Amino acid sequence: VALFWLDKRGLSTPQALLALARTAGVPREALHVCGRKDAQAETTQLLGVTGDPRRLLRARVPGLRLRDAGRAATPPDTSWNRGNVFRIVVRDLGADEAAALSAEAPAVARDGLPDYFDDQRFGAIRHGQGFPAREALRGDDATALRLLVATPSRRHAGRHDDPRARRQGRWGDFDRLAAEFPAGPLGDSLRHLQRAPTDAAGALARLDRATRVGAVQSYQSFLWNALVSERIAAATP
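Now for a look at the structure at hand. (Residues numbered from 1 in each chain as written. Predicted model: local features only at pLDDT ≥ 70, side-chain atom pairs only at ≥ 80, totals over all residues. Heavy atoms only, no water.)

1. Details of a nonpolar patch on the surface
Defined as follows: By definition, no residue in a patch forms a salt bridge, and every one has over 30% relative accessible area; like charges are joined within 9 Å, nonpolar side chains (Val, Leu, Ile, Met, Phe, Trp, Tyr) within 5 Å. Residue exposure ignores everything except the shown protein chains as possible cover, and the areas themselves are Shrake-Rupley values with a 1.4 Å probe. Within this document, salt bridges are pairs made up of a side-chain nitrogen of Lys or Arg and a carboxyl oxygen of Asp or Glu, the two lying within 4 Å of each other. Helix and strand assignments follow DSSP, with helices taken as H or I runs no shorter than four residues and strands as E runs no shorter than two, numbered in order from the N terminus.
On the surface, a nonpolar cluster with roughly 570 Å² of combined accessible area is contributed by F86, I88, V90, L93 and L101. Mapped onto the elements, I88 comes out in the loop between strand 4 (64–71) and helix 3 (95–111).

2. A look at the nonpolar core
Stated precisely, the cut-off is as follows: For our purposes a nonpolar core is just a set of buried Ala, Val, Leu, Ile, Met, Phe, Trp, Tyr and Cys residues, chained together by side-chain atoms within 4.5 Å. Each residue is placed in one exposure class: buried if its accessible area under a 1.4 Å probe, protein chains only, is under 20% of its type's maximum, exposed if it is over 50%, and partly exposed if it falls in between. Throughout, a contact is declared for two residues whenever any of their heavy atoms are within 4.5 Å.
Core analysis: the largest hydrophobic core is formed by 18 residues, its most contacted members being L20, L31, L47, L56 and L64. For this core, the secondary structure elements donating two or more residues are strand 1 (2–8), helix 1 (13–24), strand 2 (31–33) and strand 3 (43–49). The dominant element in this core, judged by the number of residues it contributes, is helix 1, at 5 residues. Once residues lying within four places of it in the same chain are set aside, the contact partners of L47 are A2, L3, F4, L6, L17, L20, L31, H32, V33, L56, L66 and P76. Counting residues in hydrophobic clusters, the runner-up holds 17 residues, among them L145, A150, F174 and L204.

3. Brief notes about the environment of Q194
Here Q194 is to be found in helix 9 (residues 184–195). Classification of Q194 by relative accessible area gives partly exposed; the value is 34%. Once the C-alpha coordinates of Q194 and G172 are considered, the two residues, 22 residues apart in sequence, prove to be 9.1 Å apart. With near-sequence residues (within four places) excluded, Q194 lies in contact with F174, D175 and A178.

4. A closer look at the sheet that holds strand 1
The following threshold applies: Pairing between two strands requires that DSSP report at least two bridges joining them. For helices, the axis comes from a line fit to the C-alpha atoms of the stretch in contact; other axes are also lines fit to C-alpha atoms, and the angle between any two N-to-C directions lies between 0 and 180 degrees.
The strand order 2-3-1-4 describes an open sheet built from 4 strands, whose pairing is antiparallel. The open sheet terminates on both sides in strands that have one partner only, identified here as strand 2 and strand 4. With direction set aside, neighbouring strand axes in the sheet form an average angle of 35 degrees. Note that strand 2 and strand 3 share 3 bridges and pair antiparallel. Each bridged residue has a counterpart across the sheet, and for V33 the counterpart in strand 3 is L47.

5. Examining helix 11 (residues 209–235)
Inclusion rule: Any helix carries an expected span of 1.5 Å times its number of residues minus one.
In this model, helix 11 (27 residues) spans 38 Å end to end at C-alpha, consistent with the 39 Å of a helix rising 1.5 Å per residue. When we look at burial in helix 11, the residues that qualify are A215, S218, Y219, S221, N225 and V228. In this fold, the buried residues of helix 11 make contact with helix 5 (132–137) and helix 6 (141–149).

6. Considerations on helix 3
Along an α-helix, residues three or four apart share an orientation, since each turn contains 3.6 residues. Compared with an ideal rise of 1.5 Å per residue, which puts 17 residues at 24 Å, helix 3 spans 25 Å between its outermost C-alpha atoms and is within 8% of the ideal. Looking one or two places after helix 3, you find G112, whose phi comes out positive at around 85 degrees.

7. Some points on the pairing of strand 1
Extensive coverage of strand 1 is indicated by the burial of 6 of its 7 residues. As paired strands, strand 1 and strand 3 are joined by 7 bridges and run antiparallel to one another. Within the sheet, the bridge partner assigned to A2 lies in strand 3 and is V49. As paired elements, strand 1 and strand 4 share 7 bridges and run antiparallel to each other. By the bridge assignment for strand 4, L6 is matched with L66.

8. Points about the side chain of N225
Mapped onto the elements of the fold, N225 is located in helix 11. Note on N225: relative accessible area 7%, which makes it buried. Dropping the residues within four chain positions of it, N225 is found in contact with Y116, F117 and F122.

Written out as structure tokens, the structure is:
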């Protein structure tokens with residue numbers, strides 16, 4: 001497995017991998033990462049490539065750069081992670097805001113600051129899709145599955161090229177859906193529904209791990225924010 005550092009800006013990790021695969025003409029399944037990075041930040045993460053990496057090196061995708069990182073016996077996955085490093089840039093502060101920030105910095109360094117998740121974690125809610133993990137915990141696997149793979153974003157309302165909208169319009173016709181989306185874990189999930197239309201739990205289990213973990217983490221983050229808010233409200237005037 002060839003390893004590269006993937007530097008990117010302006011694309012989420014799934015968008016970057018899809019763009020790389022299409023531009024290089026390689027299967028998306030040949031690209032492996034340890035996790036997902038935010039679309040808005042300038043990020044670096046490890047990328048593993050199974051097969052010949054030369055076509056990938058010739059690919060030119062705006063906002064992406066590949067740097068050699070060696071080779072490994074197996075593709076990278078989330079078990080490789082040891083942590084993240086962030087540099088946060090605060091721009092366009094007024095003089096009063098900058099002074100207040102400087103004055104508060106020693107207290108933050110001394111006492112810490114509660115972690116609080118922002119909009120990045122809650123795209124599904126922002127786009128009107130709900131929390132798939134909450135539905136799964138309630139035992140409604142069918143709703144969880146539809147939210148994950150067949151509920152379009154409100155941001156893309158009316159777009160005919162939105163694959164989630166196409167899946168939503170044809171949900172239940174799993175023969176047609178499996179033929180339309182044949183590749184990868186989603187194809188495996190849809191083919192399972194062809195064989196067992198009522199086994200939503202089995203179809204969920206066949207989705208890729210990153211999608212399932214992301215859904216769980218989004219709901220965990222929502223619960224964390226709610227608990228932190230309660231603690232702050234109880235501890236402050």
